[in-house]
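# Inside the fold
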Amino acid sequence: MNYRINKNGETLLESIYNNRNLTDEYIDELLNSTTWEDTFNYKNMEKGCDLLDKVISEGGEIGIVIDCDVDGYTSGAIIYSWIYDYLGYDDVYYIIKNQSKKSHGIDKEVIRKVDNNEMSLIILPDGGSSDFEYQEELYKMGCEVLVLDHHEFDTTKETKATIINNQDGVVENTKLSGAGVTYKFVFHHAERKGIDLGTTFLDLVAVSLISDMCDMTSMENRYIFSVGSQVSNISNELLTEFVKDLKVKRKLSIENIAFGVANRMNSIIRLGDEERFDMFESLIGSEEQVSYKYKGKEYQQSIQASILRVANRLKQKQKKMVEKCMTGGLDIMTSENDRILIVNGMDIDSEIRGLLANKLLSEYGVPVMILKEYNGVLRGSCRGVNSIS
């Protein structure tokens, strides 16, 4: 494809700046941002910290729901590690859903696990803001709800849950990830206790920003990413294994994370079984050693190194499943002249629908919808483009 730049300056770079109304000051701020929004801008921040302190002081059981994407796993790892490692509170557990791997937030499986374990507090990083009926049900069961989220929700609804969300109508940076909001809560709680986190957890937030395709023109997002992507600031043991494998010396790039970290973590979330639990254990710093066989010999390796090996295997499995769909014939519901591609998703494995939609978008250059009927409603995976020519 050929492009022509409107010459609006003496040099190519000057023309690009002028055409996009970019000033030197704005470019400098964009590339070297140190923007940090005050955590007091978030509604319920103090209330959420008070709630966590109250449950811990009373010795209540805490459950953390792990949402089914990279943002969910990283945000879950942040809040779990904060409570277990920094606060030294060991009556905290994580909930990785088995029967509803693709669902987000609170569902019946979460309700059942809370009831069976008599939990006092459920924390929902990266989800749960709009689950008002389930929030009410948990409250009636005697379980408090703390939401650390970044998805849009109805701010006019009354709820007993404590919701900390950057879509609350007050927070300036509405582009932050779920892990970013979770980190804001942890940062605020740490400051109240006089604990200096340094750069801890910012590596996980940096990964979440890219995996969740957050708007990186946000000054705060760029600042967090610039700090968290520095290899010298990466302390999470699983991410350290990815860095070694990618042979990155100085800084993880957006491409490194998108195509070398997040995609492989997603392969485990989508196709893994017990591996999903192992990956979360590796994120929260488990020291478990795992046995594996290679050329007839048995070896030991850390659970973090094991997850990398499993991720590579499942990534290849995903690739073969997508290729099989592409070559095996798809039931396309639209014609080649239509400006959207709609595919019958009834016989397509749910674990690869998103990847297949990405592949079709790249292949055809038009919005893609892979749909399957569920309870009289069509739903599935959709991918769009900014413009259609």
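To start, this report covers the structure provided alongside it. Here the structure is a predicted model, which is why all the values come from computation and not from measurement.

Before going further, it helps to spend a moment on helix α5 (residues 108–117). When α5 is considered as a whole, its buried residues turn out to be E109, V110, I111 and V114. Packed against the buried residues of α5 are β1 (62–65), β3 (121–125) and α6 (132–140). Capping of α5 at its N-terminal end is provided by D107; its side-chain oxygen lies 3.1 Å from the backbone amide nitrogen of E109.

Below, the discussion takes up the environment of K108. Note that K108 resides in helix α5. Taking the C-alpha atoms as reference points, K108 and Y134, 26 residues apart in sequence, are found 8.3 Å from one another.

Okay, the sheet that holds strand β9 (residues 368–374) next. With respect to topology, three strands assemble into an open sheet ordered β8-β9-β10, the strand pairing being mixed. Of all strands in the sheet, those with a lone pairing partner are β8 (341–344) and β10 (377–383), marking the two edges. Each adjacent strand pair in this sheet contributes to an overall mean axis angle of 30 degrees, direction not counted. The pairing of β8 with β9 spans four bridges and is parallel. Looking across to β9, one finds that N344 is bridged to L371.

Glancing now at the environment of L314. Relative to the helices and strands, L314 is located in helix α13 (residues 303–328). Aside from chain neighbours lying at most four places away, what touches L314 is S267, I268, L271 and G272.

What follows is about the nonpolar core. Formed by 88 residues in total, the largest nonpolar core has its most connected members in I79, I83, I123, F185 and F280. Sequence-distant contacts of I83, that is, excluding residues within four places in its chain, are made with L52, I64, G88, Y89, V92 and I123. Listed in part, the 17 residues of the second largest apolar core include I106, V110, I111 and V114.

Turning next to the pairing of strand β4 (residues 144–149). Counting buried positions along β4 gives five out of six residues, so the element sits mostly inside the fold. Pairing of β3 with β4 involves five bridges; the strand directions are parallel. Bridge assignment links I123 to a residue of β4, and that residue is L146. Taken together, β3, α6 and β4 form a β-α-β motif whose crossover is right-handed. Relative to strand β5 (residues 162–165), β4 is paired through four bridges, and the arrangement is parallel. Across the sheet, residue D149 finds its bridge partner in β5, namely N165.

To continue, consider helix α4 (residues 70–86). End to end, α4 covers 23 Å across 17 residues, agreeing with the expected 24 Å (1.5 Å per residue, within 8%). Counting buried positions along α4 gives 14 out of 17 residues, so the element sits mostly inside the fold. Just downstream of α4, G88 is the residue with a positive phi angle, here 65 degrees.

Any two aromatic rings considered together are summarised by their centre-to-centre distance and by the angle between their planes. One pass over the structure, following the stated rule, counts 10 aromatic pairs. Both rings, one in W36 and one in Y183, keep their centres 6.1 Å apart while their planes meet at 80 degrees; by these two values the pair is edge-to-face. In this pair, W36 sits in the loop between α2 (24–31) and α3 (45–57) while Y183 sits in helix α7 (residues 178–192), placing the two residues 147 residues apart along the sequence. Judged by its relative accessible area of 30%, W36 falls in the partly exposed class. Accessibility expressed as a relative area gives 3% for Y183, which makes it buried. With a centroid separation of 6.2 Å and 80 degrees between ring planes, the pair formed by Y80 and F280 is classed as edge-to-face. Here F280 lies in helix α12 (residues 274–283) and Y80 lies in helix α4, a separation of 200 residues in the sequence. Among the residues examined, Y80 registers a relative accessible area of 10% and is labelled buried. Among the aromatic side chains, those forming a connected cluster through ring pairs are Y73, Y80, Y84, Y94 and F280.

Procedures and definitions
- Residues numbered from 1 in each chain as written.
- Predicted model: local features only at pLDDT ≥ 70, side-chain atom pairs only at ≥ 80, totals over all residues.
- Heavy atoms only, no water.
- Buried < 20%, exposed > 50% of the residue type's maximum accessible area, 1.4 Å probe, protein only.
- Helix = DSSP H or I, 4+ residues; strand = E, 2+ residues; numbered from the N terminus.
- Contact = heavy atoms within 4.5 Å.
- Polar contact = N/O pair within 3.5 Å; in protein donor to acceptor, adjacent residues only side chain to side chain.
- Pairing = 2+ DSSP bridges.
- Axes fitted to C-alpha atoms, helices over the stretch in contact; angles between N-to-C directions.
- Core = buried A, V, L, I, M, F, W, Y, C linked by side-chain atoms within 4.5 Å.
- Right-handed = clockwise from strand over helix to strand, strands pointing away.
- Expected span 1.5 Å × (residues − 1).
- Phe/Tyr/Trp six-rings, centres within 6.5 Å; stacked < 30°, edge-to-face > 60°.

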